[in-house]
Amino acid sequence: MLPVVTLTSIAVALPSIENHTVDQLLSSVSEGLLYTSLVEESFSYKGDDLLNLKFAANVVWAGVELNRKWWNKDLRKCLLKGRTMDGTLQTLVDIADKATIEFQRNVTGGPKVLAANSMITISQTILNDYKRSTDPHVDGHLFEKLSIMIVDILGACITNLLRVIIQKCYCSAMEERDKSVRRAAHLLGETEEILAILKHHELPSFSGDRAAYIDEWRSYMMQKDPPCSCSFIKQ
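Quick caveat, the model's predicted, so the values are computed rather than measured.

Participant: Lay out the nonpolar core in plain terms, naming residues and giving numbers.
Facilitator: Formed by 58 residues in total, the largest nonpolar core has its most connected members in Ile10, Leu14, Trp70, Leu89 and Leu146. At the level of elements, helix 1 (2-13), helix 2 (19-43), helix 3 (49-67), helix 5 (85-104), helix 6 (110-132), helix 7 (138-158) and helix 8 (161-169) are the ones that each hand at least two residues to this core. Take this core: its biggest share by element is 10 residues, from helix 7.

Participant: Tell me about the pattern of salt bridges, and name the residues and values.
Facilitator: Following the criterion strictly, the structure yields three salt bridges and no others. With a closest N to O distance of 2.1 Å, aspartate 23 and arginine 68 form a salt bridge. A residue pair is termed long-range when its members are at least 10 positions apart, and aspartate 23 in helix 2 and arginine 68 in the loop between helix 3 and strand 1 (69-70) qualify at 45 residues. On the basis of relative accessibility, which here comes to 40%, the residue aspartate 23 falls in the partly exposed class.

Participant: Go over the packing of helix 5 against helix 6, please, and point to the residues and values.
Facilitator: Helix 6 packs onto helix 5 with a crossing angle of 155° between their chain directions and a minimal axis gap of 8 Å. The angle between the axes of helix 5 and helix 6 places the two elements in the roughly antiparallel class. Classified by chirality, the crossing of helix 6 by helix 5 is left-handed. Two secondary-structure elements touch here, helix 5 through Met85, Asp86, Leu89, Gln90, Leu92, Val93, Ala96, Asp97, Ala99, Thr100, Phe103 and Gln104 and helix 6 through Lys112, Val113, Ala116, Asn117, Met119, Ile120, Ser123, Gln124, Ile126, Leu127 and Tyr130. The class makeup of the residues in the contact of helix 5 with helix 6 is 14 nonpolar, six polar and three charged.

Participant: Quick one: what's the story with the packing of aromatic side chains, residue by residue and with numbers?
Facilitator: Working definition: an aromatic ring pair is given by the centre-to-centre distance plus the angle between the planes. Inspection of every chain in the model, using the stated rule, returns two aromatic pairs. Where tryptophan 71 meets phenylalanine 103, the ring centres are 5.5 Å apart and the plane angle is 65°; that geometry is what we call edge-to-face. Taken together, the positions of tryptophan 71 in the loop between strand 1 and strand 2 (73-74) and phenylalanine 103 in helix 5 put the pair 32 residues apart, joining distant regions of the chain. As far as the burial class goes, tryptophan 71 and phenylalanine 103 line up, both buried. Cluster of aromatic residues (ring-pair linked, three or more members): Trp70, Trp71 and Phe103.

Participant: If you had to explain the side chain of serine 9 to someone new, which residues and values would you point to?
Facilitator: Its location among the elements puts serine 9 in helix 1. Among the residues examined, serine 9 registers a relative accessible area of 0% and is labelled buried. Within the structure, serine 9 has its side chain in polar contact with the backbone oxygen of valine 5 (distance 2.8 Å). Aside from chain neighbours lying at most four places away, what touches serine 9 is Val60, Val64, Trp70, Leu75 and Met119.

Participant: Describe a nonpolar patch on the surface, with residues and values.
Facilitator: A surface patch of nonpolar side chains, about 360 Å² in accessible area, is lined by Leu162, Ile166 and Tyr170. Within the fold, tyrosine 170 resides in the loop between helix 8 and helix 9 (174-199). Classification of tyrosine 170 as exposed rests on a relative accessible area of 69%.

Analysis parameters
- Residues numbered from 1 in each chain as written.
- Predicted model: local features only at pLDDT ≥ 70, side-chain atom pairs only at ≥ 80, totals over all residues.
- Heavy atoms only, no water.
- Core = buried A, V, L, I, M, F, W, Y, C linked by side-chain atoms within 4.5 Å.
- Buried < 20%, exposed > 50% of the residue type's maximum accessible area, 1.4 Å probe, protein only.
- Helix = DSSP H or I, 4+ residues; strand = E, 2+ residues; numbered from the N terminus.
- Salt bridge = Lys/Arg side-chain N within 4 Å of Asp/Glu carboxyl O.
- Axes fitted to C-alpha atoms, helices over the stretch in contact; angles between N-to-C directions.
- Parallel < 35°, antiparallel > 145°, perpendicular 65-115°, else oblique.
- Left-handed = near helix turned anticlockwise from the far one by under 90°.
- Contact = heavy atoms within 4.5 Å.
- Nonpolar A, V, L, I, M, F, W, Y, C, P; charged D, E, K, R; others polar.
- Phe/Tyr/Trp six-rings, centres within 6.5 Å; stacked < 30°, edge-to-face > 60°.
- Polar contact = N/O pair within 3.5 Å; in protein donor to acceptor, adjacent residues only side chain to side chain.
- Patch = residues over 30% accessible without salt bridge, like charges linked within 9 Å, V, L, I, M, F, W, Y side chains within 5 Å.
- Areas by Shrake-Rupley, 256 points an atom, 1.4 Å probe, with all protein chains shown as cover.

Here's what the structure looks like:
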């Protein structure tokens with residue numbers, strides 16, 4: 001869920017956002033990531049790109065959630081340096097750009113490069129969209145807009161939960177099946193309300209593992225309702 005972590009990092013860095021509002025966002029995203037990680041684990045295979053993205057997201061999220069830092073860069077200080085909304089967004093772009101160059105020099109910097117590229121792509125797109133906006137209240141609406149995007153991505157991922165639960169019930173190894181079924185039952189109880197809510201929403205019918213990939217959801221949303229914000233999510 002690297003896009004979610006990146007969007008949350010950007011939201012945390014925005015100026016004029018109360019600390020308690022940021023805390024609420026972090027708490028909500030943290031809870032959502034618990035379930036999306038189960039989905040990613042079920043769809044990921046050794047050597048799969050999802051595993052690399054998941055690793056990058058986990059490392060970045062640990063810093064954001066615990067210290068409000070993106071690769072040791074204090075996100076709340078970004079707003080002090082940038083001062084304005086566009087200044088803060090540009091600061092994030094610059095930080096990620098420098099990080100990419102640094103990480104590319106490191107042989108083991110693969111996940112870091114993925115995280116840095118995600119930050120560059122998303123923050124630059126948000127900055128461009130911000131500059132083009134004619135909304136006089138764009139500053140006040142940006143945090144809300146990012147929050148909605150985060151919820152949309154988490155919701156799209158969580159639509160795969162039922163498949164994860166079924167998969168756990170059909171664990172092939174006999175010695176693991178009992179444990180897996182108990183875990184599936186527990187997960188079903190935890191997410192029963194979420195699954196009930198999803199039943200009342202129109203969802204696309206993806207074949208195979210397509211539902212696990214954000215690009216598939218992005219393409220679907222662009223076809224259904226092409227908002228410019230969809231271009232934020234490219235990684």
